[in-house]
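The residues making up each chain are set out below.
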Amino acid sequence: MLAKIIITLGSYRLAFRFGDLNTLKGKMSEKKKVKKTKKFKQKTEKLGETQARYTPDVDKVEGPVYCGVCGEKMTVKRNVHGWRTFMSAMGGNPNSKSNYDVFQCPVSEEDWHKQVVKLRDRARNESSSKLEAILREEAEEVLKTKVATKKVYF
Ligand SMILES: [Zn+2]
């Protein structure tokens with residue numbers, strides 16, 4: 001009699017436990033589904049005129065993202081671990097490493113691309129509007145022909 005009671009109680013407990021587990025599983029998969037549909041906070045991002053690299057938080061931007069310099073579709077690497085900016089890499093502090101996504105222009109290392117960035121940088125900081133116009137005109141020409149008119153170094 002006592003054994004029967006213990007067994008009955010035991011199976012009730014088991015049923016309760018499994019029931020509980022299934023509810024829990026259901027809740028977890030529901031959460032996953034919601035997360036999947038809400039995965040990216042934004043579709044894309046418009047970059048600045050000299051921006052060939054973009055490092056938003058992990059899965060913030062779905063993409064595609066287009067290069068701010070030349071308009072090329074950027075390649076993306078998700079969940080990269082390291083220093084996000086050049087400055088923090090220079091600092092070398094391992095605690096300032098983090099995870100982020102990297103959008104990169106596939107032709108950003110080309111001479112003409114580097115020159116466009118340099119010319120636009122210079123134009124932006126130029127105090128003469130006439131010189132700025134000349135710099136911007138040359139930047140447009142280099143962008144159009146994809147041929148550098150002068151070798152620039154970074
Ligand atoms: Zn580019």
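Residues numbered from 1 in each chain as written. Predicted model: local features only at pLDDT ≥ 70, side-chain atom pairs only at ≥ 80, totals over all residues.

Comments concerning the overall build of the protein
The condition that has to hold: The numbering of helices and of strands both runs from the N terminus, where a helix is a DSSP run of H or I of at least 4 residues and a strand a run of E of at least 2. Any residue surrounded by 20 or more other C-beta atoms within 10 Å of its C-beta is treated as buried, while 12 or fewer makes it exposed and the intermediate range makes it partly exposed; C-beta atoms here are placed from the backbone. We call two residues in contact when the distance between their C-beta atoms, placed using the backbone, is within 7 Å.
Secondary structure assignment for the protein yields four helices and three strands. Along the protein, helices (α) and strands (β) appear in the sequence α-β-β-α-β-α-α when read from the amino end. In the protein, buried positions account for 12% of the 154 residues. In the protein, 46% of the contacts between residues at least 6 apart in sequence involve partners at least 24 apart.

Things to note about the sheet that holds strand S3 (residues 98–104)
Where we set the bar: A pair of strands is labelled paired if DSSP reports no fewer than 2 bridges between them.
If you trace the three strands from one edge of the open sheet to the other, you get S1-S3-S2, paired in antiparallel fashion. Each edge of the open sheet is held by one strand with a lone partner, namely strand S1 (53–54) and strand S2 (75–82). Sheet analysis places S1 next to S3, joined by two bridges and oriented antiparallel. By the bridge assignment for S3, Tyr-54 is matched with Phe-103.

Quick word on the confidence of the model for the protein
Quick reminder of the rule: Per residue, pLDDT captures the predictor's confidence, and it can take any value from 0 to 100.
Mean pLDDT over the protein: 85, with 75% of residues reaching 70 or higher. By mean pLDDT, the top-scoring element of the protein is helix H4 (residues 129–145) (98), and the lowest-scoring one is helix H1 (residues 2–37) (53).

Describing H4
Residues separated by three or four positions in an α-helix point in the same direction, a consequence of the helix having 3.6 residues per turn. What counts, and what does not: A helix is expected to span 1.5 Å multiplied by its residue count minus one. Along the arc lie the directions from the helix axis toward the C-beta atoms.
For H4, spanning 17 residues, the distance from its first C-alpha to its last is 24 Å, which sits close to the expected 24 Å at 1.5 Å a residue. When we look at burial in H4, the residues that qualify are Leu-135, Ala-139 and Val-142. The arc that holds every buried residue of H4, seen down its axis, measures 65 degrees, which confines them to one face. For H4, exposure combined with an orientation more than 90 degrees from the buried face picks out Ser-129, Lys-130, Ala-133, Glu-137, Lys-144 and Thr-145. Buried residues along H4 sit in contact with helix H3 (111–125).

Points about the pairing of S3
Pairing geometry for S2 and S3, over six bridges, is antiparallel. Each bridged residue has a counterpart across the sheet, and for Val-76 the counterpart in S3 is Phe-103.

Concerning the environment of Lys-60
On the secondary structure map, Lys-60 appears in the loop between S1 and S2. Remark: the alpha-carbon pair of Lys-60 and Lys-43, spanning 17 residues in sequence, is separated by 8.4 Å. For Lys-60, the residues in contact, after removing those within four places along its chain, are Phe-40, Lys-41 and Gln-42.

A look at H3
In this model H3 runs 21 Å from its N-terminal to its C-terminal C-alpha over 15 residues, within 8% of the 21 Å that 1.5 Å per residue would give. Looking only at H3, the buried set comprises His-113, Gln-115, Val-116, Val-117, Leu-119 and Arg-120. Packing partners of the buried residues in H3 comprise H4.

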